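Chain residues, written in single-letter form:
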Amino acid sequence: EASVLYLESPAGVGYSLCPNPDECHFDDYSSSDDNMMAVRNFYLKYPEFKPNDLYLGGESYTGVYCPYLAWKIYNWNMNPDNEFKINIKGVMTGNGVTNWRWDGDPSWIKSAYYFNIYGMDYKKKLEHYNCTFEYMDREPHFFDPSPES
């Protein structure tokens, strides 16, 4: 027997809604705060699930979100003032982005060729001019476990 809780975040992605678009500005840290609040509130509303093992999982950008949420849960569990501990056991991800500089922008360009978005002529030009797209990202997404985050 198993139970599954799905979180779709940040608000406004997928099928989730963001009622006020002006408030829909998120980054990895604020999303992990929101996800932590959702997990905490879930356990407060359904305390019968507190003793169950918790595994975090997903695909793609969850390679960033799950470790951030696991880190938040770890910090939650280390705080003796919190009213309960979360029984986290593991994190899993499929096709996970772990570092946007390597898994994000550069892979999109290469994947676009294999999805026939551009052809062989353009691919040869990219290779000829050594277009790696490694520095397209304006903001690197590195995990920073600083206490203030």
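Use the structure listed above.
Residues numbered from 1 in each chain as written. Predicted model: local features only at pLDDT ≥ 70, side-chain atom pairs only at ≥ 80, totals over all residues. Heavy atoms only, no water.

Caption draft 1: Local environment of the overall build of the chain. If you tally the helices and strands in the chain, you get 5 helices and 2 strands. Secondary structure elements in the chain, listed N-terminal to C-terminal, are α-β-α-β-α-α-α. Split into buried and exposed, the 149 residues of the chain put 28% on the buried side. In the chain, of all internal contacts separated by at least 6 residues, the share reaching a separation of at least 24 is 67%. Total accessible area on the chain stands at roughly 10,800 Å², and carbon and sulfur atoms take up 55% of it. (Helix = DSSP H or I, 4+ residues; strand = E, 2+ residues; numbered from the N terminus. Buried < 20%, exposed > 50% of the residue type's maximum accessible area, 1.4 Å probe, protein only. Contact = heavy atoms within 4.5 Å. Areas by Shrake-Rupley, 256 points an atom, 1.4 Å probe, with all protein chains shown as cover.)

Caption draft 2: Structural view of unusual backbone geometry. Note the cis peptide between Ser9 and Pro10, where omega equals -5°. Tracing the backbone shows Pro10 in the segment before α1 (28-45). The backbone of Ser60 shows a phi angle near 60°, a positive value even though the residue is not glycine. The topology assignment puts Ser60 in the loop between β1 (54-59) and α2 (62-78). On the basis of relative accessible area, Ser60 is assigned to the partly exposed category, the value being 28%. In the Ramachandran plot, Asn95 falls in the positive-phi region, its phi being about 50° despite a non-glycine side chain. Tracing the backbone through its elements, the reader meets Asn95 in the loop between β2 (88-94) and α3 (100-103).

Caption draft 3: Looking closely at the state of the cysteines. Enumeration over the complete set of coordinates arrives at 1 disulfide. Between Cys18 and Cys24 runs a disulfide, and the two sulfur atoms are separated by 1.5 Å. (Disulfide = S-S within 2.5 Å.)

Caption draft 4: Representation of the packing of α1 against α2 within the structure. Remark: α1 packs on α2, axes separated minimally by 9 Å, with the N-to-C direction vectors making an angle of 55°. It follows from the interaxial angle that α1 and α2 lie oblique. Two packed elements cross with a definite hand, and for α1 against α2 that hand is right-handed. When α1 is examined against α2, the residues Asp28, Tyr29, Ser31, Ser32, Asp33, Asn35, Met36, Val39 and Arg40 are found in contact with a partner set consisting of Val64, Tyr65, Tyr68, Leu69, Lys72, Ile73 and Trp76. Residues that form the contact of α1 with α2 fall into these classes: 9 nonpolar, 3 polar and 4 charged. (Axes fitted to C-alpha atoms, helices over the stretch in contact; angles between N-to-C directions. Parallel < 35°, antiparallel > 145°, perpendicular 65-115°, else oblique. Left-handed = near helix turned anticlockwise from the far one by under 90°. Nonpolar A, V, L, I, M, F, W, Y, C, P; charged D, E, K, R; others polar.)

Caption draft 5: Local environment of α2. Between its first and last C-alpha, α2 extends 23 Å over 17 residues, near the 24 Å set by a 1.5 Å rise per residue. Counting buried positions over the 17 residues of α2 gives 13, a clear majority of the element. (Expected span 1.5 Å × (residues − 1).)

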